[in-house]
Amino acid sequence: MDTLRTQTPPLGITEVAWSDEDLVRRFAAVKEAVRAADEPWGHPILASRTAAALRHGWDGEPAVAHLVTVDGVDVAAAEYETTSWDNQHLAWLGADVHPAHRRRGYGEAVLDFLVDRARAEGRTSVGGNSWDAAAPRAFATRHGFEAKAVEVNRRQHLARVDQARLERLHADALAHAPDYELVRRVGATPAAELGALAEITAAINDAPTDDLDIEDEVFPTERVAAYENAWLGRGDRLMRVCARHRGTGELAGQTVVVVEAERPQVAHQHDTSVVRAHRGHRLGLLLKTEMLRWLAEDQPQVATVDTWNAESNDHMIGVNEVLGYEVVGRALAWQRPL
Ligand SMILES: CC(C)(COP(=O)(O)OP(=O)(O)OC[C@H]1O[C@@H](n2cnc3c(N)ncnc32)[C@H](O)[C@@H]1OP(=O)(O)O)[C@@H](O)C(=O)NCCC(=O)NCCS
């Protein structure tokens, strides 16, 4: 265990391996206490999903997690995330202090620990996310971070979706996209199609990133396969709808929803993107209405779908609002040079 001295008392900072059940349970308990305090609308944080996240990450490169203790009491969770695919200048940090242990300097000590690591690795920029709330605003500003992007968490309650209206929206979108066919796929993409999928995945770089100092993400086929493996590795159901241009056979766009294994009533929207050359045919709305129709048939137990968008992403938000998504939380992305 590394020990880091602040004024008093010393913090114990222990790396959490995904396979260490006891440490993962304690780490997840801190995260759940923070969630309950700061994100009451959120789905409870489960130890099992935390272990899977620490094993698989978003696309095969999980954050390094630490449990932070003082005199044997679990007070905070610290996370350090980088990717090998792009953005080598950057480390993304997470500091979560248990609500019963705030304003004692622990957040600051955790941040110092993470920033030291970023510096030691030669990173020149650090960032992190928080809810748009007083404590993280004051904390981040005091430590030289600036709010560089606003991201909004929306939720759709499927029981509130008017199926007749959904069918009308779908038919209307279809009428604008006669040259495209829709393809539904559960689970992993066959190897022969991964290259085409990787090409359209890069279209997500057209989503606004506001003032963040980040480069476009790169998506070689290995990364797209690693993303699928990471979610299938959790046991989740990965559902993808693609739009394919009938004339050329090119993939034009996709939308992905993941349904949780342990809580199959909970689903999450991942990427939705339409490549530039195929925009203007209502494919965004078409893909998402098709996904809703498919969910109703195939996964009728799904109660909610959560999504995240940059607040400035007018097009995607327009589609989401037509489909009845409601705002549940507003978050900030902070960044500072090192
Ligand atoms: C933000 C957070 C990490 C702060 O943790 P903490 O241990 O309470 O912070 P510290 O005691 O180290 O505070 C350091 C300084 O930050 C500022 N600060 C922290 N919380 C504050 C609050 N609620 N209101 C005003 N200033 C605050 C103060 O300047 C504080 O110094 P002071 O107590 O001497 O006035 C904690 O509230 C938290 O975990 N929030 C949820 C997760 C999150 O948003 N993480 C941060 C991402 S940027």
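Residues numbered from 1 in each chain as written. Predicted model: local features only at pLDDT ≥ 70, side-chain atom pairs only at ≥ 80, totals over all residues.

Draft legend 1. Structural detail: the overall build of the chain. Looking only at helices and strands, the chain features nine helices and 13 strands. Rg of the C-alpha trace for the chain: 21 Å, near the compact-globule value of 20 Å for 338 residues, within the 12% margin. When its C-alpha atoms are laid out on the principal axes, the chain stretches across 70 × 40 × 35 Å. With 338 residues in all, the chain has 36% of them scored as buried. Sequence-distant contacts, at least 24 apart, represent 71% of the contacts inside the chain between residues at least 6 apart. (Helix = DSSP H or I, 4+ residues; strand = E, 2+ residues; numbered from the N terminus. Rg over C-alpha atoms; globule rule 2.2 N^0.38 Å. Buried ≥ 20, exposed ≤ 12 C-beta atoms within 10 Å, placed from the backbone. Contact = placed C-beta atoms within 7 Å.)

Draft legend 2. Quick peek at the environment of aspartate 112. Following the sequence through the fold, aspartate 112 ends up in helix α3 (residues 106-120). Residues aspartate 112 and histidine 143 lie 31 residues apart in sequence; the distance between their C-alpha atoms is 9.7 Å.

Draft legend 3. Inspection of helix α9 (residues 314-322) at higher detail. Those residues of α9 that sit buried are Met316, Val319 and Asn320. On an axial view of α9, the arc spanned by its buried residues comes to 95°, and they lie on one face. Facing away from the buried side of α9 by over 90 degrees, the exposed positions are Asp314, Gly318 and Glu321. If you follow the buried residues of α9, they end up packed against β7 (146-157), β11 (266-274), α8 (283-298) and β12 (304-310). The positive-phi residue at the C-terminal boundary of α9 is glycine 324, with phi of around 90°. (Arc of directions from axis to C-beta.)

Draft legend 4. The arrangement of the site of the ligand in detail. Near the ligand there are 22 residues, and of these Arg102, Gly107, Glu108, Ala135 and Ala138 occur at the shortest range. Listed by contribution, the elements that provide at least two residues to the shell around the ligand are α1 (21-38), β5 (90-97), α3, β6 (125-131) and α4 (134-142). Take the shell around the ligand: its biggest share by element is seven residues, from α4. Across the shell around the ligand, the residue classes break down as 11 nonpolar, four polar and seven charged. (Near = placed C-beta within 6 Å. Nonpolar A, V, L, I, M, F, W, Y, C, P; charged D, E, K, R; others polar.)

Draft legend 5. Spatial organisation of the domain arrangement of the chain. Domain boundaries in the chain define domain 1 (2-123) and domain 2 (153-330). Listed by partner, the interface residues are 17 residues for domain 1 and 15 residues for domain 2. Among the elements that line the side of domain 1 that touches domain 2, the one with the most residues is helix α2 (residues 47-56), at five residues. Here the residues of the side of domain 1 that touches domain 2 are counted per class, giving six nonpolar, six polar and five charged. (Domains from an automatic or database assignment.)

Draft legend 6. Main features of the confidence of the model for the chain. Taken residue by residue, the chain gives an average pLDDT of 94. The fraction at 70 or more is 97%. The low-confidence segment residues 1-6 (pLDDT under 50) makes 14 contacts with residues lying over four places distant or belonging to another chain. (pLDDT = per-residue confidence, 0-100.)

Draft legend 7. Quick look at the pairing of β6. Taken together, the three bridges between β5 and β6 define a ladder with parallel strand orientation. Bridged to leucine 90 within β6 is serine 125. This β-α-β element, β5 to α3 to β6, shows right-handed connectivity. Pairing analysis gives seven bridges linking β6 to strand β13 (residues 326-337), with the strands arranged antiparallel. Across the sheet, the residue bridging to valine 126 is arginine 336, located in β13. (Pairing = 2+ DSSP bridges. Right-handed = clockwise from strand over helix to strand, strands pointing away.)

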